[in-house]
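Summary of structural features
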Amino acid sequence: MSERTPTLDHPARALLAAKAATLATVELLRFQREGFAGNFPFDDPEPVAQLAIALLQTARIERALFPREALVNDPVPSAQYVSALDQLAAACAKFLEDECRISTADEARAA
């Protein structure tokens, strides 16, 4: 199996990202139709948290499967992009843990 072959973890991450993005989309569409959900603009689940989950999972998949040949053939832009993916994932994880009290530690070990 090559380094770039998706593990069983990658399809699970993709499904988690898709579900989270779908929940956010549904709530955003509800807001567009109905407006505020009581005292807050959004009902549960918060779309920002759901989009952060989707973005975190997507960034982790792309980072894990980033083509090695790109790092060799075009090292500076590729290294910058990979670094940016790492920063994006870290920012999403920090937001989820600090502001939403959603732990990302268990799945980070699976990455």
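The structure reproduced in this document is the subject of the present report. (Residues numbered from 1 in each chain as written. Predicted model: local features only at pLDDT ≥ 70, side-chain atom pairs only at ≥ 80, totals over all residues. Heavy atoms only, no water.)

Observations regarding the pattern of salt bridges
Under the convention used in this document: When a carboxyl oxygen of Asp or Glu lies within 4 Å of a side-chain nitrogen of Lys or Arg, that pair is called a salt bridge. Runs of E in the DSSP output that reach at least two residues are strands. Runs of H or I that reach at least four are helices, and both are numbered from the N terminus. For each residue, the accessible area found with a 1.4 Å probe, counting protein chains only, is set against the maximum for its type, and the residue is called buried under 20%, exposed over 50%, and partly exposed in between.
Summed over the entire model, instances satisfying the criterion amount to 6 salt bridges. Across the pair Arg 30 and Glu 27 runs a salt bridge whose closest N-O atoms are separated by 2.8 Å. In this pair, Arg 30 and Glu 27 both sit in helix α1 (residues 9–34), 3 residues apart, roughly one turn of the helix. Judged by relative accessible area, Arg 30 falls into the buried class, the value being 12%. On the accessibility criterion, Glu 27 (6% relative accessible area) is buried. Between Lys 94 and Asp 98 there is a salt bridge, with its nearest N and O atoms 2.4 Å apart. Of this pair, Lys 94 and Asp 98 are both found in helix α4 (residues 75–99), 4 residues apart, which corresponds to roughly one turn of the helix. Overall, Asp 98 belongs to the partly exposed group, its relative accessible area being 33%.

Honestly, it's all geometry; don't read function into it.
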